[in-house]
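Examination of the molecular architecture
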Amino acid sequence: MHPQAEVRHDRRVGGLIQEVWPTGGALYGTITVYEEGKRHASVAHGFMGGACTISNEESVEAEGEGTRMRKSLRFWGIVPEETERMFREGAASMLERALKQYCEEGKRYEPNA
């Protein structure tokens, strides 16, 4: 990530997930499903120099006294093993950080933060 980057996440279908910095930016994906607090999906085309398309979906639902979180991340095209590992570990790290902040500090995850 660029040192001066700001990650922006529109909260609507058709919105963008992108990184913006003073001299440019990077498009991460387009939002295909957005249900506030319940479900989110996005797709990225031409990722990694045009060799891969990515579809990502996440949802949460009440289950008993807890919550079930589901995540699906699919790649089509040429995907080096190190790239798959980077996405898997990065997603787990982001979720872990958000849950820890919520449980320990009561801080709700904000996609534009």
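Let me sum up the structure you'll find in this document. In this text the structure is predicted, and so the values were computed from the model without any measurement. (Residues numbered from 1 in each chain as written. Predicted model: local features only at pLDDT ≥ 70, side-chain atom pairs only at ≥ 80, totals over all residues. Heavy atoms only, no water.)

Counting secondary structure elements, the protein chain contains two helices and six strands. C-alpha extents for the protein chain along the principal axes are approximately 45 × 30 × 30 Å. For the protein chain, the proportion of its 113 residues judged to be buried stands at 19%. Here the analysis covers contacts within the protein chain between residues at least 6 apart in sequence; of these, 16% occur between residues at least 24 apart. Accessible area of the protein chain: about 8,200 Å², with a carbon and sulfur share of 52%. Taken together, the 15 basic and 18 acidic charged side chains of the protein chain have centroids lying 3 Å from each other. (Helix = DSSP H or I, 4+ residues; strand = E, 2+ residues; numbered from the N terminus. Buried < 20%, exposed > 50% of the residue type's maximum accessible area, 1.4 Å probe, protein only. Contact = heavy atoms within 4.5 Å. Areas by Shrake-Rupley, 256 points an atom, 1.4 Å probe, with all protein chains shown as cover. Lys, Arg positive; Asp, Glu negative; His and termini not counted. Charge placed at Lys NZ, Arg CZ, Asp CG, Glu CD.)

Tallying each qualifying case throughout the model produces nine salt bridges. One salt bridge in this structure joins Glu57 and Arg39, with 2.6 Å as the shortest N-O distance. Taken as a pair, Glu57 in strand 5 (residues 52–63) and Arg39 in strand 4 (residues 39–46) lie far apart in primary sequence, 18 residues in all. Overall, Glu57 belongs to the partly exposed group, its relative accessible area being 30%. Judged by its relative accessible area of 30%, Arg39 is partly exposed. A salt bridge links Glu81 to Arg85, with the shortest nitrogen-to-oxygen separation between them at 3.5 Å. With Glu81 and Arg85 both in helix 2 (residues 81–105) and four residues apart, this pair spans about one turn of that helix. A residue is classified by how much of its surface remains accessible, and Glu81, at 58% relative accessible area, is exposed. By relative accessible area, which is 33% here, Arg85 ends up partly exposed. (Salt bridge = Lys/Arg side-chain N within 4 Å of Asp/Glu carboxyl O.)

On to the side chain of His40, then. Checked against the element boundaries, His40 lands in strand 4. Here His40 falls in the buried class, since its relative accessible area comes to 12%. Within the structure, His40 has its side chain in polar contact with the side chain of His9 (distance 2.9 Å). (Polar contact = N/O pair within 3.5 Å; in protein donor to acceptor, adjacent residues only side chain to side chain.)

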